[in-house]
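# Coordinate inspection notes
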Amino acid sequence: MKDFVLIFRLSNPDFKPSPEQMQERMNWLAGIAAQNKLADKGNTLSVGNAKTVKGSNLVTDGPYTEIKEFVSGYIIVKTETIDEAVEFAKSNPIFKIGGTIEVREVLVHKP
Amino acid sequence: MQKETASSKELLPHLFRLEYTKMTAVLCRHFGLKHIEAAEDIVSETFLKASEVWGINGVPENPTAWLYTVAKNKTKDYLKHLTVFETRVKDAIQTDELQAEHDFEFNHQTISDSQLAMIFAVCNPANATEAQICLALQVLCGFSVAEIADAFLTKTETIKKRLFRARTNLRNDNFQIGELQEQAIQSRLDTVLSTLYLLFNEGYSSRSNNHLIRKDLCSEAIRLVLMLAENPLTSTTDANALLALMCFQSSRFDARATNDGEIILFEEQDKTLWNQELIDKGNYYLINACSGNQISKYHLEAGIAYWHTTPTDDHQWEHILLLYNQLILIEYSPVTALNRTFAFAKVYGNEQGIAEAEKLNLTQLNHYHCLLGYLYAGTNPAKAIGHYQQAIKLTKSPSEKRTLTKQIEKLTILPGR
């Protein structure tokens with residue numbers, strides 16, 4: 001089993017999920033946990049209280065880098081392959097609101 | 001005289017169950033845990049004496065007080081004897097715990113303090129969980145080795161071995177049973193709660209067909225958690241949540257199985273058999289449990305049980321699913337995963353339920369096949385029967401086999417299929 005981080009990105013900072021959307025997301029997350037494949041339920045990240053530091057003298061407001069897209073949260077799943085992690089990502093409701101998910105393997109450095 | 005002899009025969013086993021563990025706890029508190037065997041011997045001898053004397057003279061007016069007095073005198077004798085041994089033979093070695101002049105009483109306060117301390121002494125994280133439960137049954141609930149073996153469907157030899165190791169740890173633990181310290185409570189309360197939770201589950205869902213023993217396990221677990229909830233030192237929100245959970249579950253105890261132990265599905269239960277008094281108690285403790293900000297798995301499970309015992313609400317299953325979603329994020333277990341999927345199917349329909357269930361892939365578990373059999377029953381009887389047959393192969397319980405066979409029969413005689 002390997003750990004994969006699923007990084008969620010959204011482009012609309014004012015988006016507020018409806019109770020139904022929250023429930024859908026919760027069902028998705030608990031569905032992964034029910035298969036015992038959730039390594040870390042992760043966190044949701046604030047859009048309002050965010051800064052980007054680009055050097056000791058260069059700090060900008062907001063989480064944006066080049067384009068107006070920001071990381072909204074992450075979770076970590078444990079699966080055999082990246083394809084399995086991608087399958088989890090595909091069933092996430094974020095695409096209905098124009099978001100994207102990046103899947104990255106967590107590298108383990110052996111001492 | 002004849003009549004009194006008969007009543008002493010009825011009374012003693014009852015008193016033994018009620019008083020044995022109390023008296024042992026008080027004496028242990030007096031002697032220290034190192035001498036738990038001496039404490040148990042004194043209490044056993046007291047009961048032996050009672051059976052002799054009461055058989056001849058009849059039952060005394062206040063049997064419990066009689067037992068306490070005799071146990072107290074025997075303790076004094078024992079300590080005197082020991083002091084003589086220690087001073088004359090071993091050149092006046094005084095140990096900390098053994099002080100013959102130190103007096104003690106069997107009164108309500110001492111008994112409940114001692115029993116509470118004993119719960120914490122028994123739930124020692126150094127012991128494996130099964131060993132803790134066995135020890136709890138023996139030391140806190142007065143179960144015999146045979147009764148414990150029956151409850152666990154295990155050989156008495158295995159139980160004896162478990163107890164032997166656990167008791168050695170108990171004696172050598174240096175747990176200060178005299179006064180329950182804040183620190184001991186904090187470091188052990190989680191273990192205590194989880195041991196009592198498992199003790200209850202052993203009774204509520206074990207495969208033992210001995211209905212009486214199972215009910216006993218449940219009521220003992222409730223009695224012990226009640227002691228925690230009644231003491232300001234240990235009445236945490238978690239303890240209250242656990243107690244609420246146990247009350248809700250027990251309220252359905254008589255409705256969930258036929259007299260010969262066959263499981264009755266929740267939807268087919270006779271709701272008039274639900275115990276309203278226990279449901280009310282459950283509500284009471286659940287409210288107590290919600291006074292803080294902390295949410296434990298006991299809160300979530302109590303919430304789920306609450307929705308099960310509450311008159312139908314249109315959104316009942318949505319609430320249950322929400323709680324199961326949170327529960328599975330706190331702690332994975334196959335049972336939680338399956339129960340969550342059942343709730344999911346209740347909210348989103350069997351078709352989506354099947355998709356969610358098949359992802360679990362718990363093909364080695366009979367309950368997995370029971371669930372799929374249930375979900376397929378309406379649309380694909382052949383598949384449903386296949387899953388029920390798998391479940392029959394995997395279960396060891398004869399009563400469950402009968403229940404499942406009935407489900408298959410129902411599907412086979414459906415007209416037009």
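Residues numbered from 1 in each chain as written. Chains lettered and ligands numbered in written order. Predicted model: local features only at pLDDT ≥ 70, side-chain atom pairs only at ≥ 80, totals over all residues.

## Comments concerning the overall build of chain A
Within chain A, the regular secondary structure consists of 2 helices and 6 strands. Ordered by position from N to C terminus, the α and β elements of chain A give β-α-β-β-β-β-α-β. Counting only C-alpha atoms, chain A reaches 45 × 45 × 20 Å along its principal axes. The burial tally for chain A puts 18% of its 111 residues in the buried class. Look at the contacts in chain A between residues 6 or more apart in sequence, and 76% of them connect residues 24 or more apart. (Helix = DSSP H or I, 4+ residues; strand = E, 2+ residues; numbered from the N terminus. Buried ≥ 20, exposed ≤ 12 C-beta atoms within 10 Å, placed from the backbone. Contact = placed C-beta atoms within 7 Å.)

## Considerations on the overall build of chain B
On a plain count of helices and strands, chain B comes out with 18 helices and 0 strands. Its C-alpha atoms give chain B principal-axis dimensions of roughly 90 × 55 × 35 Å. Across the 417 residues in chain B, those meeting the buried criterion constitute 38%. Taking the contacts inside chain B whose residues are at least 6 apart along the sequence as the reference set, 63% of them involve residues at least 24 apart.

## Some thoughts on the confidence of the model for chain A
When the pLDDT values of chain A are averaged, the result is 91; 97% of them are 70 or greater. Mean pLDDT across the elements of chain A ranges from a minimum in strand E4 (residues 59-61) of chain A, with 83, to a maximum in helix H2 (residues 82-90) of chain A, with 97. (pLDDT = per-residue confidence, 0-100.)

## Here we look at the interface of chain A and chain B
Counting from both sides, the interface comprises 10 residues of chain A and, opposite them, 10 residues of chain B. Residue contributions to the side of chain A that touches chain B peak at 7 residues, all from helix H1 (residues 19-34) of chain A.

## Some details on helix H2 (residues 36-57) of chain B
All names here are of chain B. Helix length check: H2 (22 residues) gives 31 Å between terminal C-alpha atoms against 32 Å at 1.5 Å per residue, within 8%. For H2, the set of buried residues is Ile 36, Ala 39, Ile 42, Val 43, Thr 46, Ala 50 and Trp 54. One side of H2 carries all its buried residues, which in axial view fall inside an arc of 125°. Pointing more than 90 degrees away from the buried face of H2 are the exposed residues Glu 37, Leu 48, Ser 51, Glu 52 and Ile 56. Backbone geometry just downstream of H2 places Gly 58 in the positive-phi region, at approximately 90°. (Expected span 1.5 Å × (residues − 1). Arc of directions from axis to C-beta.)

## Some remarks on the nonpolar core
Residues and elements named next belong to chain B. Ranked by size, the top nonpolar core spans 117 residues in total, and within it Met 118, Val 122, Ala 221, Val 225, Leu 242, Ala 244 and Ala 302 carry the most contacts. No other element matches helix H10 (residues 237-251), which puts 9 residues into this core. Of the residues that make up this core, three or more belong to each of domain 1 (1-106) and domain 2 (331-417). Here Val 122 is in contact with Gln 132, Leu 135, Ala 136, Val 139, Leu 140 and Leu 170, once residues within four sequence places are set aside. (Core = buried A, V, L, I, M, F, W, Y, C linked by C-beta atoms within 7 Å. Domains from an automatic or database assignment.)

## Quick look at the pairing of strand E1 (residues 2-10) of chain A
Residue and element names in this part refer to chain A. Relative to strand E5 (residues 70-79), E1 runs antiparallel, the two sharing 9 bridges. Considered in E5, the bridge of Leu 6 is made with Ile 75. Bridge count for E1 against strand E6 (residues 100-105) is 6 bridges, and the pairing is antiparallel. Opposite Ile 7, over in E6, you have Glu 102 as the bridge partner. (Pairing = 2+ DSSP bridges.)

## A few points about helix H13 (residues 316-330) of chain B
Compared with the 21 Å implied by 1.5 Å per residue over 15 residues, the 22 Å span of H13 of chain B between its first and last C-alpha is a close match. Along its buried surface, H13 of chain B packs onto H1 of chain A together with helix H12 (297-309) and helix H14 (334-348) of chain B.

## A short note on the sheet that holds strand E2 (residues 38-44) of chain A
Residue and element names in this part refer to chain A. The strand order across the open sheet formed by 4 strands is E2-E5-E1-E6, and the pairing between neighbours is antiparallel. Since the sheet does not close on itself, it has two edges, and those belong to E2 and E6, each with one partner. For this sheet, the mean angle separating the axes of adjacent strands, direction not counted, is 20°. (Axes fitted to C-alpha atoms, helices over the stretch in contact; angles between N-to-C directions.)

## Here we look at the environment of Thr 168 of chain B
Secondary-structure assignment places Thr 168 of chain B in helix H7 (residues 156-172). Accessibility expressed as a C-beta count within 10 Å gives 11 for Thr 168 of chain B, which makes it exposed.

## Side note on the packing of H10 of chain B against helix H11 (residues 276-289) of chain B
Residue and element names in this part refer to chain B. Contact geometry for H10 and H11: axes closest at 8 Å, N-to-C directions at 160°. With respect to their mutual orientation, H10 and H11 come out roughly antiparallel. For H10 against H11, the interelement crossing comes out left-handed. Of the residues in H11, those in contact with Thr 237, Asn 240, Ala 241, Leu 243, Ala 244, Cys 247, Phe 248, Ser 250 and Ser 251 of H10 are Leu 278, Ile 279, Lys 281, Gly 282, Tyr 285, Leu 286, Asn 288 and Ala 289. (Parallel < 35°, antiparallel > 145°, perpendicular 65-115°, else oblique. Left-handed = near helix turned anticlockwise from the far one by under 90°.)

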